[in-house]
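Spelled out from the first residue to the last, the chains are:
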Amino acid sequence: YWRCFDKNWSQKEFFEYGKFVDKNLIKYPEDKVIKLSDKKNKKITLGILSADLKAGHSITYFLKTILLNYNKDEIEIYLFSNQIDNNVISSEIIGLVYKTINISKLSELNALNKIREFNLDIMIDVMGYTSRNRIGLFKNRVAKKQVIWMGYCNTSGLKNMDYIITDPNLIIPGEENFFAEKVIYLPEIWNCHCGFDF
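Predicted, not measured: the structure shown is a model, and the values here were computed from it.

Describing helix H4 (residues 108-116)
- Those residues of H4 that sit buried are Ala111, Leu112, Asn113, Ile115 and Arg116.
- Buried residues along H4 sit in contact with strand E2 (75-81), strand E4 (122-125) and helix H5 (135-139).

Re the sheet that holds strand E6 (residues 163-166)
- Judged by pairing direction, the sheet is parallel, and its seven strands sit side by side in the order E3-E2-E1-E4-E5-E6-E7 without closing on themselves. The open sheet terminates on both sides in strands that have one partner only, identified here as strand E3 (99-102) and strand E7 (182-185). Strand-to-strand, the axes of this sheet are offset by a mean angle of 25 degrees, without reference to chain direction.
- Looking at chain direction, E4 and strand E5 (residues 145-148) are connected through four bridges and run parallel. Bridge pairing in E5 places Met123 opposite Gln146.

Comments concerning the side chain of Asp52
- Tracing the backbone through its elements, the reader meets Asp52 in the loop between strand E1 (44-50) and helix H2 (58-67).
- Given the relative accessible area of 7%, Asp52 is considered buried.
- Here the side chain of Asp52 touches Ser131 through a polar contact of 3.3 Å, side chain to side chain.
- Aside from chain neighbours lying at most four places away, what touches Asp52 is His57, Ile59, Thr60, Gln83, Met127 and Ser131.

Thresholds applied
- Residues numbered from 1 in each chain as written.
- Predicted model: local features only at pLDDT ≥ 70, side-chain atom pairs only at ≥ 80, totals over all residues.
- Heavy atoms only, no water.
- Buried < 20%, exposed > 50% of the residue type's maximum accessible area, 1.4 Å probe, protein only.
- Helix = DSSP H or I, 4+ residues; strand = E, 2+ residues; numbered from the N terminus.
- Contact = heavy atoms within 4.5 Å.
- Pairing = 2+ DSSP bridges.
- Axes fitted to C-alpha atoms, helices over the stretch in contact; angles between N-to-C directions.
- Polar contact = N/O pair within 3.5 Å; in protein donor to acceptor, adjacent residues only side chain to side chain.

None of this, on its own, says anything about what the molecule does.
Here's what the structure looks like:
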């Protein structure tokens, strides 16, 4: 994942690397995987996958603003944690979501099936190729729509990653062709931060 910060790589090289990873990730046969349901949920079910939900981590500060302000009557949010020690998940965000699910000890196939049980409308990966990522889950599609955002601000290169949330500063005109995802531009900046209380 150190390539995330390699200034010597062009956007085309990031894209080629992502396509190489996509080609080499395991694709599980359909008979081993729980089928994605087409059943409509009462609310929009949104998953967020991260291994960085611990207190003090930047991801927690970025997520907190959103988790304090979403419409709970319309959206049900699930946190999928892949961090080693789930006892250190930030108490500031655990109470702001419908449910937190630990997938850190599950194999890729078992994690895929576990997540598919929740019939998610959207899964947001806030890791990309950083930390203890589970990018292989997205190759196999864990939700009806899959989005990359925040923790890795570049293309995943995966055919099954539907969208990337970004802004005009991160993806400049002409670079969109080097992204596997459909680009969703936020008007000013790609993130929000709740600020520090210390």
